Amino acid sequence: MQNLNKTTITQLNALAEKYETHSFINEDPSQFLYKFQNQADTEILSFIAAMLSFGKRDQFIKKINYIVEKSESSPHQWIKNKHYLKNFIESDKTTSSTFYRFYTNQDMLTFFQELSEILENYQTFGDFIKAKYQENPKAYLDQLISESFPKSKIVPKGKNSPNKRIQMFLRWMVRENSPVDKGFWTWYPKEKLIIPLDTHVLQQSKKLGIIPEKANATRKTALLITEVLTSIFPEDPVKGDFALFGLGVNSSQQKN
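**Looking at the overall build of the protein**
- The number of helices and strands found in the protein is 12 helices and two strands.
- Secondary structure elements of the protein occur, N-terminal to C-terminal, as α-α-α-α-α-β-β-α-α-α-α-α-α-α.
- Scaling as 2.2 N^0.38, a compact globule of 256 residues should have a C-alpha radius of gyration of about 18 Å, and the protein matches this with 18 Å.
- Taken over the C-alpha atoms alone, the protein extends approximately 60 × 45 × 35 Å along its principal axes.
- With an accessible surface of roughly 12300 Å², the protein has 47% of that area assigned to carbon and sulfur atoms.
- Each charge sign in the protein was given a centre, from 34 positive and 28 negative side chains, and these centres are 5 Å apart.

Encoded structure:
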């Protein structure tokens, strides 16, 4: 594990406090945590939003808002009752047409179908994940989620994948007492969360000496960054996501 100097540790603490504010959600996919009041709807919409959160923000936020619009005031019921079929079959000439980037409408249908099957047997998506975790408490939660969607291309998979989008969703669901994250899943220890490893976090981690310069966006790298952040935020290592991500976005904006 890399040893950080006191200046860097102080900087990361200050940046985390600076960026973890409610205004963070304004241009971030975490805004979808606040579209609905009840937990069941928020869990489902947030998971869908997280899975689509890649590429240009304005483009994927537009697609997520399309789902919000079609979900008939309850994403949970929209999925559970298979009402998504009206929007992803009847309203499209072919299911092979593109929905977003390299995901087709058929890919979305497969994803929604697996979600629907889960909700046939569990009251909420969170209840399902909790049950999976209780069966195997030594497993990483992101891997349990990946394994639960064997047919869905949209859900990240692979032993070497950092599973960034799933980690972001888990941050939203697990971290309580946050002006951004909801913290519904109090049954899961937040110290077991893994950093959502995107380009900004990777680049800033290299600049700060948290990881080697040649490190790649892998699960091993995400675990290494999380280990270092644990030494700074022992009970809440992923709080450091706000510092690294916020610093990265701010640096990019200054360049532009």
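Read on, since the account is not over.
**Re the side chain of Arg171**
- Secondary-structure assignment places Arg171 in helix H9 (residues 164–174).
- When near neighbours in sequence (up to four residues on either side) are disregarded, Arg171 contacts Phe24, Val180, Asp181, Leu193, Val238, Asp241 and Phe242.

**Topic: the environment of Leu85**
- Secondary-structure assignment places Leu85 in helix H5 (residues 84–90).
- We classify Leu85 as partly exposed; its relative accessible area is 33%.
- The spacing of Leu85 and Phe112 is 27 residues in sequence and 9.1 Å in space, taken between C-alpha atoms.

**Considerations on the nonpolar core**
- Counting 53 residues, the largest nonpolar core has Phe47, Phe111, Phe112, Phe125 and Phe169 as its most contacted members.
- Residue contributions to this core peak at eight residues, all from helix H2 (residues 39–52).
- What Phe125 contacts, discounting residues up to four positions off in sequence, is Glu43, Ile44, Phe47, Leu115, Ile118, Leu119, Phe149, Phe169 and Trp185.
- Counting residues in hydrophobic clusters, the runner-up holds 28 residues, among them Tyr19, Ile210, Ala215 and Phe245.

**A closer look at the side chain of Asp41**
- In this structure, Asp41 sits in helix H2.
- Lys80 provides the closest opposite charge to the buried, salt-bridge-free Asp41, at an N-O distance of 11 Å.
- At 2.8 Å, the side chain of Asp41 forms a polar contact with the side chain of Ser74.
- Not counting residues up to four positions away in its chain, the partners in contact with Asp41 are Phe36, Ser73, Ser74, Pro75, His76 and Gln77.

**Let's talk about the environment of Leu208**
- Structurally, Leu208 can be placed in the loop between helix H10 (199–207) and helix H11 (219–232).
- Given a relative accessible area of 17%, Leu208 falls into the buried group.
- Other than its neighbours up to four places away in sequence, Leu208 contacts Leu4, Thr8, Gln11, Leu12, Leu244 and Leu247.

**A few points about the pattern of salt bridges**
- The full count for this structure, using the stated rule, is 13 salt bridges.
- One salt bridge in this structure joins Lys86 and Glu72, with 2.8 Å as the shortest N-O distance. Here Lys86, found in helix H5, pairs with Glu72, found in the loop between helix H3 (57–70) and helix H4 (75–80); they are 14 residues apart in sequence, far enough to count as distant.
- A salt bridge links Glu176 to Lys190; the shortest N-O distance between them is 3.4 Å. Taken together, the positions of Glu176 in the loop between H9 and H10 and Lys190 in the loop between H9 and H10 put the pair 14 residues apart, joining distant regions of the chain.
- Among the charged side chains, a network of salt bridges with common partners joins Glu17, Glu20, Arg171, Arg175, Asp181, Asp236, Lys239 and Asp241.

Parameters at a glance
Counting from 1, residues in each chain are numbered in the order their sequence is written. Whole-chain, interface and lining totals are the exception, using all residues; otherwise, since this is a predicted model, local features are given only for residues with pLDDT of at least 70 and side-chain atom pairs are given and counted only at 80 or more. As a convention, hydrogens and water are excluded, and side-chain values are obtained from all of the structure's heavy atoms. Under the DSSP-based scheme used, a helix requires at least four consecutive residues in state H or I and a strand at least two consecutive residues in state E, with every element numbered from the N terminus. Atoms counted for the radius of gyration: C-alpha only. Globule rule: 2.2 Å times residue count to the power 0.38. Accessible surface is estimated by sampling points in the Shrake-Rupley manner with a 1.4 Å probe; for residues, cover comes only from the protein chains shown. Residues scored as positive are Lys and Arg, those scored as negative are Asp and Glu, and His as well as the terminal groups of each chain are ignored. To locate a charge, the coordinates of NZ of Lys, CZ of Arg, CG of Asp or CD of Glu are taken. Two residues form a contact once any of their heavy atoms are found within 4.5 Å. A simple rule labels every residue: compare its accessible area, found with a 1.4 Å probe on the protein chains alone, to the largest value its type can have, and call it buried under 20%, exposed over 50%, or partly exposed in between. Take the buried residues of types Ala, Val, Leu, Ile, Met, Phe, Trp, Tyr and Cys, join any two whose side-chain atoms come within 4.5 Å, and each joined set is a nonpolar core. Salt bridge, as used here, is a side-chain nitrogen of Lys or Arg placed within 4 Å of a carboxyl oxygen of Asp or Glu. Identification of polar contacts relies on pairs of N or O atoms within 3.5 Å, with a donor-acceptor requirement for protein atoms, meaning one able to donate a hydrogen and the other able to accept it, and with residues adjacent in sequence counted only if both atoms are side-chain atoms.

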